[in-house]
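Residue-level structural notes
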Amino acid sequence: SNTRHVDAAYQYVFHNLAMLTATMDDTDNEKRPKRGQKSYVVLPNFVPTSATSFDRFAGQVSNIIRVMPNLVDKVMVSTFHPEHVVASTRAPLPIVIITWK
């Protein structure tokens, strides 16, 4: 997404979650998200460019998910960022990872 503002980033992340969870109610098990399945939300122009700010954003996304009964035990949020201290969580662009439990 080319979003630059926090509100638009929340909207983009939760829009993606809504599309993914829409298949959870489907009777066809092939369409449901599988355990360990990951979705990557790339936000190259997002204003909070530091890794710390991006982690806070992801933390707030996690906090919101914790109060959503249909997602609380099903989704984990993590991040990749160019400035992460840990090499395994670095990426050329800020990325939010949604992993299904």
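Since the model is a prediction, treat every value here as computed from it, not as a measurement.

Rules behind the numbers
- Residues numbered from 1 in each chain as written.
- Predicted model: local features only at pLDDT ≥ 70, side-chain atom pairs only at ≥ 80, totals over all residues.
- Heavy atoms only, no water.
- Pairing = 2+ DSSP bridges.
- Helix = DSSP H or I, 4+ residues; strand = E, 2+ residues; numbered from the N terminus.
- Axes fitted to C-alpha atoms, helices over the stretch in contact; angles between N-to-C directions.
- Expected span 1.5 Å × (residues − 1).
- Buried < 20%, exposed > 50% of the residue type's maximum accessible area, 1.4 Å probe, protein only.
- Arc of directions from axis to C-beta.
- Contact = heavy atoms within 4.5 Å.
- Phe/Tyr/Trp six-rings, centres within 6.5 Å; stacked < 30°, edge-to-face > 60°.

The subject of this paragraph is the sheet that holds strand S2 (residues 75-80). Here we have three strands laid out as an open sheet, ordered S1-S3-S2, and antiparallel in their pairing. Edge positions in the open sheet fall to strand S1 (38-42) and S2, since each of these has one partner strand only. Averaged over all adjacent pairs, the angle separating strand axes in this sheet is 20°, with direction ignored.

Over its 16 residues, helix H2 (residues 51-66) runs 22 Å from end to end, which matches the ideal 22 Å to within 8%, given 1.5 Å per residue. Considered for burial, the residues of H2 that qualify are Ala 51, Phe 54, Phe 57, Ala 58, Val 61, Ser 62 and Ile 65. All buried residues of H2 lie within an arc of 145° about the axis, which places them on one face of the element. Projecting away from the buried face of H2 at angles above 90 degrees are the exposed residues Arg 56 and Arg 66. Elements that come into contact with the buried residues of H2 comprise helix H1 (6-22), S2 and strand S3 (95-100).

One pass over the full model with this rule turns up two aromatic pairs. Look at Phe 54 and Phe 57: their rings are 6.1 Å apart centre to centre, the planes differ by 25°, and that puts the pair in the stacked class. Here Phe 54 pairs with Phe 57, and both are found in helix H2, just three residues apart, close to one helical turn. Look at Phe 54 and you get buried, because its relative accessible area is 0%.

Right, let's talk about the side chain of Thr 99 for a bit. Looking at the secondary structure, you find Thr 99 in strand S3. For Thr 99, a relative accessible area of 10% translates into the label buried. Once residues lying within four places of it in the same chain are set aside, the contact partners of Thr 99 are Gly 36, Gln 37, Lys 38, Lys 74, Val 75 and Met 76.

What follows concerns the pairing of S2. Only one face of S2 is buried, namely the one carrying Val 75, Val 77 and Thr 79, since none of Met 76, Ser 78 and Phe 80 on the opposite face is buried. Of the strand pairs in this sheet, S2 and S3 are connected by six bridges, and their pairing is antiparallel. Bridge pairing links Met 76 to Thr 99 in S3.

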